[in-house]
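Coordinates in review
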Amino acid sequence: MSGAAPDSAGIDRLYAKLNAEAEKSGYHLNPDIEFTRSLVEGLLTNMCRYGYMACPCRLASGVRAQDLDIICPCDYRDPDLSEFGACYCALYVNTAILQGKQELKPVPERRGRKMVEKNQESMSTGGVTIKLSQPVWRCKVCGYLCGRGEPPEICPICKATKDRFERFV
Amino acid sequence: MARVTVPGVNKGNVMLFALSTCVWCGKTKKLLDEMGVAYTYEYVDLLAGKDRDAAVKEIMVWNPACSFPTLVLNNEKCIVGFKEDEIRQALA
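Rules and cut-offs
Residue numbers here run from 1 along each chain, matching the order of that chain's written sequence. Chains and ligands are labelled by the order in which they are written, letters from A for the one and numbers from 1 for the other. Confidence filtering applies because this is a predicted model: local features only for residues at pLDDT of at least 70, side-chain atom pairs given and counted only at 80 or more, and all residues used for totals across whole chains, interfaces and linings. The basis for every side-chain value is the complete set of non-hydrogen atoms in the structure, without hydrogens or water. UniProt positions are given in the numbering used here, feature names are shortened, and annotations may be inferred rather than shown by experiment. Only DSSP runs of H or I reaching four residues or more are called helices, and only runs of E reaching two or more are called strands; each is numbered from the N terminus. When a residue's accessible area, from a 1.4 Å probe over protein chains only, is under 20% of the maximum for its type it is buried; when over 50% it is exposed; and in between it is partly exposed. Only the protein chains shown count as cover for residues, and all accessible areas are computed by the Shrake-Rupley method using a 1.4 Å probe. When charges are tallied, Lys and Arg are placed among the positive residues and Asp and Glu among the negative ones, while His and the ends of the chain are skipped. In this description, the location of a charge corresponds to atom NZ of lysine, CZ of arginine, CG of aspartate or CD of glutamate. Every residue pair with non-hydrogen atoms within 4.5 Å of one another is taken to be in contact. What gets called buried area is simply the loss in accessible area from a 1.4 Å probe that two parts show on being joined, summed for both. Throughout this description, the term salt bridge denotes a Lys or Arg side-chain nitrogen within 4 Å of a carboxyl oxygen of Asp or Glu. A 3.5 Å cut-off defines polar contacts: any pair of N or O atoms within that distance qualifies, except that in protein one atom must be a possible hydrogen donor and the other a possible acceptor, and neighbouring residues in sequence count only when both atoms are side-chain atoms. In the scheme used here, Gly and all other residues not listed as nonpolar or charged are polar, with Ala, Val, Leu, Ile, Met, Phe, Trp, Tyr, Cys and Pro taken as nonpolar and Asp, Glu, Lys and Arg as charged. Domain delimitation in this document rests on an assignment produced automatically or drawn from a domain database. Helix span, expected: 1.5 Å multiplied by one less than the number of residues in the helix. Directions drawn from the helix axis to the C-beta atoms are what define this arc.

Where an unreviewed UniProt entry is consulted, chain B appears under the name Glutaredoxin, with the organism given as Dehalogenimonas formicexedens.

In the nomenclature of an unreviewed UniProt entry, chain A corresponds to ferredoxin:thioredoxin reductase from the organism Dehalogenimonas formicexedens. Turning to chain A, the UniProt record has this under Function (unreviewed entry): "Catalytic subunit of the ferredoxin-thioredoxin reductase (FTR), which catalyzes the two-electron reduction of thioredoxins by the electrons provided by reduced ferredoxin."

Moving on: the overall build of chain A. From N to C terminus, chain A includes 5 helices and 7 strands. Taken along the three principal axes of its C-alpha coordinates, chain A extends 60 × 35 × 25 Å. The proportion of buried residues among the 169 residues of chain A is 43%. Counting every atom, chain A has about 8,900 Å² of accessible surface; 53% of that belongs to carbon and sulfur. Here chain A contributes 23 positively and 21 negatively charged side chains, and the mean placements of these two sets differ by 5 Å.

Here the focus is the interface of chain B and chain A. Taken together, the contact pairs 18 residues of chain B with 21 residues of chain A. Broken down residue by residue, the surface that chain B buries against chain A is led by B:Thr21, B:Val23 and B:Trp24, which jointly contribute 43%. Connecting chain B to chain A are 1 salt bridge. Inspection of the chain B/chain A interface yields 6 residue pairs in polar contact (both at pLDDT 80 or more). When residues of the side of chain B that touches chain A are traced back to their parent elements, those giving at least two are α1 (23–35) and α2 (49–62) of chain B. For the side of chain B that touches chain A, the element with the highest residue contribution is α1(B), accounting for 3 residues. For the side of chain B that touches chain A, the per-class residue count stands at 11 nonpolar, 3 polar and 4 charged.

The subject of this paragraph is the side chain of A:Thr36. Residue and element names in this part refer to chain A. Among the secondary structure elements, Thr36 is positioned in helix α2 (residues 33–50). Given a relative accessible area of 0%, Thr36 falls into the buried group. When near neighbours in sequence (up to four residues on either side) are disregarded, Thr36 contacts Tyr15, Leu29, Asn30 and Leu91.

Let us now look at the pattern of salt bridges. Counted according to the given criterion, the structure contains 14 salt bridges over all chains. A salt bridge links A:Arg138 to A:Glu166, with the shortest nitrogen-to-oxygen separation between them at 3.1 Å. Separated by 28 residues along the polypeptide, A:Arg138 in strand β5 (residues 136–139) and A:Glu166 in strand β7 (residues 165–167) bring together distant segments of the chain. Of the charged contacts in the structure, one is a salt bridge between B:Glu84 and B:Arg88, with a shortest N-O distance of 3.1 Å. With B:Glu84 and B:Arg88 both in helix α3 (residues 84–90) and 4 residues apart, this pair spans about one turn of that helix. Residue classification places B:Glu84 among the partly exposed positions, given a relative accessible area of 31%.

The next point concerns the domain arrangement of chain A. Residues and elements named next belong to chain A. Domain boundaries assigned for chain A yield domain 1 (8–98) and domain 2 (121–167). Placing the centre of domain 1 and that of domain 2 at their C-alpha centroids yields a distance of 25 Å. The interface is formed by 11 residues belonging to domain 1 together with 6 residues belonging to domain 2. Summed over both sides, the interface of domain 1 with domain 2 buries roughly 640 Å², with 40% coming from carbon and sulfur. Where domain 1 packs against domain 2, one counts 1 salt bridge. In this structure, Arg148 and Asp78 form a salt bridge, with 2.7 Å as the shortest nitrogen-oxygen distance. Viewed at the interface, domain 2 and domain 1 are joined by 3 residue pairs in polar contact (both at pLDDT 80 or more).

When the terminal C-alpha atoms of α2(B) are compared, their 21 Å separation across 14 residues agrees well with the 20 Å that a helix rising 1.5 Å per residue should span. Within α2(B), the full set of buried residues consists of B:Arg52, B:Ala55, B:Val56 and B:Ile59. For α2(B), the buried positions fall inside an angular range of 100° around the axis, keeping them on one side. Opposite the packed face of α2(B), turned more than 90 degrees from it, sit the exposed residues B:Lys50, B:Asp53, B:Lys57 and B:Val61. The elements touched by buried residues of α2(B) are α2 of chain A together with β2 (14–18), β3 (39–43) and β4 (70–73) of chain B.

Printed below as a string of structure tokens:
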């Protein structure tokens with residue numbers, strides 16, 4: 001286990017990279033800079049320890065195959081953003097929280113529970129029925145498709161808003 | 001890393017299971033410090049092998065999801081997550 005603390009310049013570099021990528025893709029980092037820098041520091045610590053950026057707010061096993069779902073951005077980020085406005089550790093937040101219109105509250109741990117598949121459906125094509133684990137949403141502007149409980153807040157490709165998505169399948 | 005006891009006002013047995021990298025755990029620890037209560041904390045991510053297994057087993061009695069922070073009060077009550085109001089109330 002490495003004891004070296006990530007340096008300030010390294011935290012700044014990763015913060016800037018994550019922030020630029022988030023904004024480019026329709027996501028937002030938590031606007032509380034001190035809070036977010038601490039999370040970024042935790043990501044770097046885990047990178048040193050485990051060789052991958054496990055969520056700083058979860059107990060990683062150290063075995064990549066067992067921790068795949070909690071490597072940031074984790075499998076639970078998008079459903080948590082849809083339901084609670086923030087991901088589990090609150091590195092990512094929705095626009096309402098970004099703008100201070102919604103309060104940031106603790107997000108319950110979704111890991112280990114069966115993922116909600118409320119919109120599970122079957123699709124029939126040419127006599128073949130395919131069972132879908134998630135509905136498919138289509139951005140009516142650019143055609144971007146994604147399979148998840150709800151469409152994203154902002155289309156990561158063309159930046160159209162959530163209400164411009166249609167249920168595709 | 002072994003358990004660390006922080007001195008303060010005795011409010012019974014206050015045990016905080018935390019991760020050294022977790023910001024919500026840090027907030028919980030800071031709140032307990034501000035409130036001046038005596039507590040013990042353990043950074044479970046800094047434990048290895050049998051020590052870690054034992055800590056995880058202990059946490060799962062209270063919080064099967066084994067999420068952090070898990071705060072166990074007097075071996076009776078468990079508060080999962082940084083719930084400031086609930087923590088203040090329980091340790092008033």
